[in-house]
Structure formats: C-alpha cells, structure tokens
Amino acid sequence: MKLGFIGIGNVGGTLAERLGAKGHSIFLGARDPLSADAKELAAKIGSHASVHSVQEAVDLSDVVFLATPWNGTREIVQGLRGLDHKILIDCTNPLLPNLAGLEVGLNDSGGERVQAWAPKARVVKAFNTVGFNIMANPELEGKKVVMYFCGDDADARFQAKRLIEDVGFEPVEAGPLSSARLLEPFALLWISTAYKFGFGRDFAFSMVRGGSLGPS
Ligand SMILES: NC(=O)c1ccc[n+]([C@@H]2O[C@H](COP(=O)([O-])OP(=O)(O)OC[C@H]3O[C@@H](n4cnc5c(N)ncnc54)[C@H](OP(=O)(O)O)[C@@H]3O)[C@@H](O)[C@H]2O)c1
C-alpha cells in the first residue's frame, strides 16, 4: 500500500520502518524535506521510501499515519488538503503535562477531535497504546502484544487491521471511533506504568483467552 507519515519521529519513524520492511511504499512527510534525519530514515527503509513535504506525502498516499505532538495536531490536520476519503490512522495521545490526565477528558477523545478536524477522512485510532520501543518489535515472551483499534468506517478498520498485523501486533477490534475514549486512557495507563509506577518502557499488555471465547 501507499503509506504516508505526518510526524516521522519516534512513532512515525518506527512504524515507517516496520511497514517499509513489509514492502509498503513509504512517503515520509517532513517539515523540512531536506533534513538529514528524514533522509537517513528513508535510506534506512530502502528504495521504496522517499521524503516529501507533509502535503505531498498526503497526496501520494492511500493511508496516512498521524504521529505528531498533540498540541500541534489541530493546526496540522486543518492545514492539510486532500484527506477526504483517505484512511487517517491517528496515533496521537491528547496528554496533559506531567501525566495529569487527558486534555479531552473521558467523554470525548483525541480521535474524535481529529475526525472533526478532517470530517471526510476515514479516521482509525491505533498505535497509541504502547511505546514506540514496543512498536519496533511487538513480541514479548514469545507472545504478540495486542493493539486495539477503532473507527467508524468498516473498510478503514479492515485495512488498519492488516497494517497492525504487518507491524507485528495482535489486532483487537474495538468498534466505533468513540472507543478512542477507552484507548486513550489505556495509553495513559501504559505511560503511567512505565514512568510513574517504575516499570520502565520494556513491557506491554497481552490478551489471555479461555477456550474459544471472543473474536479470533
Ligand atoms: N513516544 C511514544 O512512545 C508514543 C507512543 C504512542 C503514541 N504516541 C503519540 O504519538 C505522537 C508522536 O509522538 P512521538 O514520540 O513520535 O513524537 P516525536 O518523536 O517528538 O515526533 C514528532 C514528529 O512530529 C513532527 N511534527 C511536529 N510538528 C509538526 C508540524 N507542524 N508539521 C509536521 N510535522 C510536525 C516532528 O517533526 P520535527 O522533527 O520537524 O519537529 C516529528 O517528526 C504524540 O501524540 C504521542 O503522544 C507516542
């Protein structure tokens, strides 16, 4: 698939590398397309990766990953053209400083805000619930780490599920985009466990199932 990345730092860069390794075409959207870091990332991924302006990366892609700091995300999304009907995978977390909570509270979500800023995009919330270090290799103790995802468009969820599998996670479908109200606090739990509760970043959640219960 043709995958665009808005935000090519820890999360965007790691996902671009993992998905590039699976043969997807990678369009890295950089604020400065001449930056050495962006060129280095593209070179690491290989000849099917290239660096562009953020708008060009969107224009060239079928699926766009959004992995920007929350405080700039509204301006970035509202400033883009051509997101209509594209799959927009929102990896952001609307964190308050010092892990004090979520800027949007618990009766709204960053995912739904992103949808409001790009009303005709097909937004899927995913890749927000564990650290980028886990995304780099989402298998611990021989078991795949779970990645919850949600969105209102069934085809977008289906495509996102395949990409989640390509990164190496066990996908867990969580219904409509309003489930981002669950996924974002879940991310805060991972971050708090890593930084407040003293476990560090090298852990993740997995799903343990009895018999054949639940979707497989
Ligand atoms: N870090 C994690 O483990 C993790 C895990 C899950 C979710 N998240 C969420 O994912 C998002 C990104 O986190 P991160 O750790 O990847 O951040 P990061 O390493 O700081 O990377 C942010 C990226 O966004 C780019 N950016 C910033 N403002 C931009 C703009 N106006 N236009 C275009 N690009 C812009 C930055 O470009 P420049 O280099 O030019 O500044 C950089 O490439 C955050 O919302 C975070 O909460 C993070």
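Check the entry above for the structure.
Quick caveat: nothing in here was measured; it's all calculated off a predicted structure. (Residues numbered from 1 in each chain as written. Predicted model: local features only at pLDDT ≥ 70, side-chain atom pairs only at ≥ 80, totals over all residues. Heavy atoms only, no water.)

**Student:** Explain the overall build of the protein chain residue by residue, including any values.
**Tutor:** Per the secondary structure count, the protein chain includes eight helices and 10 strands. With the principal axes as the frame, the protein chain shows a C-alpha extent of 45 × 35 × 35 Å. Here the protein chain holds 216 residues, and 49% of them are scored as buried. Counting contacts in the protein chain only where the partners sit at least 6 residues apart, residues at least 24 apart contribute 68% of the total. Taken as a whole, the protein chain presents about 10400 Å² of accessible surface, with 52% of it coming from carbon and sulfur. Positive and negative side-chain charges of the protein chain, numbering 22 and 24 respectively, have mean locations separated by a distance of 1 Å. (Helix = DSSP H or I, 4+ residues; strand = E, 2+ residues; numbered from the N terminus. Buried < 20%, exposed > 50% of the residue type's maximum accessible area, 1.4 Å probe, protein only. Contact = heavy atoms within 4.5 Å. Areas by Shrake-Rupley, 256 points an atom, 1.4 Å probe, with all protein chains shown as cover. Lys, Arg positive; Asp, Glu negative; His and termini not counted. Charge placed at Lys NZ, Arg CZ, Asp CG, Glu CD.)

**Student:** Describe the site of the ligand, with residues and values.
**Tutor:** Around the ligand there are 22 residues in total, and Asn10, Val11, Arg31, Thr68 and Phe132 lie nearest to it. Ile8 places a polar main-chain atom, nitrogen or oxygen, 2.9 Å from an oxygen atom of the ligand. Residue Gly9 places a main-chain N or O atom 3.2 Å away from an oxygen atom belonging to the ligand. Those elements that provide at least two residues to the shell around the ligand are helix H1 (10–20), helix H4 (70–79) and helix H6 (132–135). (Near = heavy atom within 4 Å. Polar contact = N/O pair within 3.5 Å; in protein donor to acceptor, adjacent residues only side chain to side chain.)

**Student:** Tell me what's going on with the nonpolar core, and back it up with residues and numbers.
**Tutor:** Residues Phe65, Ile89, Phe127 and Phe169 are the most contacted members of the largest nonpolar core, which totals 60 residues. The element that contributes the greatest number of residues to this core is helix H8 (residues 180–195), accounting for six residues. Leaving out residues up to four positions away in the same chain, Phe65 has contacts with Leu3, Gly4, Phe5, Ile6, Leu15, Leu19, Ile89, Cys91, Phe127 and Leu163. (Core = buried A, V, L, I, M, F, W, Y, C linked by side-chain atoms within 4.5 Å.)

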